[in-house]
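Spelled out, the chains give:
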Amino acid sequence: MDFYDRDVVSIRDLTREEIESILDLSEKMVPYATGEKVNRVLHGKILGNLFFEPSTRTKLSFESAAYRLGCDVIDVSEMSMTSISKGETLADTIRMVDAYCDLIVLRHPYEGAARLAANFSINPVINAGDGAGSHPTQTLLDLFTMRQAKGSLDGLNVVLVGDLKYGRTVHSLAEALTMFGAKLTLVAPDSLQMPEEIVNHIKEKGCRPTKTTSLEEAIDKADVLYVTRIQRERFPDPAEYKKVAGTYRINNTVLREARRDMAIMHPLPRIDEIAPEVDSSEHAKYFQQAFNGVPVRMALLCAILGGEI
Ligand code: CP
């Protein structure tokens, strides 16, 4: 698969075969991601990490991935610390950062910002989350984690629960899982259901998702329960957030209905949607999932920047 010099803006930019090749490469990266093996194959390259929205996992795992491969990192964590605060456009900012590095990773509050950046950058751009749009590298590490937990991605019964309207991780994930023949159940309050544009897209690709507000109806058949946070910061009206906050809480009582081998995943951060008592259960895969961001992002950096391991 030829990933050299390519943008990764949407999971729609990748085929099933390309996703599988990144997951295979990610598996090879695990001993390098833990530091057990060392390879500085990207020595001399520079990653520009622009995070204009808060992040713990995505930002730090991209940095860790880069450093593990010998790649240097320049970064900005706040828009207010750039000349955007003086009125510079995102397009001009991207042109500048493009001149200082070999690959741009961008997180931005506005949907479509990564596509715009890719249009203005000569070097490749990776979308690290654009508002309520998409988060394709999260999807790659989610698929990697599911494959680890379930052995295969084919035909999984996956329940997506929580904020499916504003949750960019589930937008990208629903589209990717459709490529692998998943049976999807979309569990959300009516006001937070998956956007019609995405539902129509996955239907065109052959998926027949079931929509419900009831987690109890769906949990017993799930191979994977993918939980998301209801994101206060995305609601234009705080009163609307209060109506749906705390709708779903996964605890050991709820899990009595689940298959013993059901995997629970969450892109994190969590607030109260998964009780801490679940963390020690065999179901809990979300911390392993967060670690998997390192090998998966190492694989992407190598594939795009041309480093062979
Ligand atoms: N999963 C995820 O995107 O986490 P961060 O917001 O901490 O990067």
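The rules we used
Residues numbered from 1 in each chain as written. Predicted model: local features only at pLDDT ≥ 70, side-chain atom pairs only at ≥ 80, totals over all residues. Heavy atoms only, no water. 1 Å grid on protein atoms, 1.4 Å probe; cavity = no way out; pocket = protein on both sides within 12 Å on 5 of 7 lines; lining within 4 Å. Points joined across faces, edges and corners; volume = space filled by probe spheres on them. Helix = DSSP H or I, 4+ residues; strand = E, 2+ residues; numbered from the N terminus. Nonpolar A, V, L, I, M, F, W, Y, C, P; charged D, E, K, R; others polar. Domains from an automatic or database assignment. Salt bridge = Lys/Arg side-chain N within 4 Å of Asp/Glu carboxyl O. Buried < 20%, exposed > 50% of the residue type's maximum accessible area, 1.4 Å probe, protein only.

Quick look at empty space enclosed by the protein
And step 1. Under the defined criterion, the tally for this structure stands at one cavity of 30 Å³ or more.
And step 2. Of the volumes computed, that of the largest cavity is approximately 40 Å³.
And step 3. As for the largest cavity, its lining consists of R57, Q138, L141, P267, Q289, A290, G293 and R297.
And step 4. Elements with a minimum of two residues in the lining of the largest cavity: α5 (136-150), α10 (286-291) and α11 (293-305).
And step 5. Residue classes in the lining of the largest cavity are distributed as three nonpolar, three polar and two charged.
And step 6. There are two domains that each give the lining of the largest cavity at least three residues, and those are domain 1 (11-134 + 293-305) and domain 2 (136-290).

A look at the pattern of salt bridges
And step 1. On inspection of all chains with the given rule, the structure shows 21 salt bridges.
And step 2. Where E175 meets R12, a salt bridge forms, and the shortest distance between an N and an O atom there is 2.6 Å. With a gap of 163 residues between them, E175 in helix α6 (residues 168-179) and R12 in the segment before α1 (16-33) connect regions that are remote in the sequence.
And step 3. Here E240 and K243 are joined by a salt bridge, their closest N and O atoms 2.8 Å apart. Of this pair, E240 and K243 both sit in helix α9 (residues 238-244), separated by three residues, roughly a single helical turn.
And step 4. Residue E240 is classed as partly exposed on the basis of its relative accessible area of 33%.
And step 5. The network of salt bridges with common partners includes R12, E175 and E197.

With respect to the layout of surface pockets
Over the atoms rolls a probe the size of a water molecule, and in doing so it shows where empty space is left.
And step 1. Approximately 440 Å³ is the volume attributed to the largest pocket.
And step 2. For the largest pocket, the lining is made up of 21 residues, of which R107, R168, R229, L268 and P269 are closest to its centre.
And step 3. In terms of residue class, the lining of the largest pocket is built from four nonpolar, 10 polar and seven charged.
And step 4. The computed volume of the second largest pocket comes to approximately 350 Å³.
And step 5. Counting residues per element, the ones that place at least two in the lining of the second largest pocket are β4 (125-130), α6 and α7 (196-204).
And step 6. Considering each element in turn, the lining of the second largest pocket owes the most residues, three residues, to α6.
And step 7. Split by residue class, the lining of the second largest pocket holds six nonpolar, seven polar and seven charged.
And step 8. In this structure, the lining of the second largest pocket is formed jointly by two domains, domain 1 (11-134 + 293-305) and domain 2 (136-290), each of which donates at least three residues.

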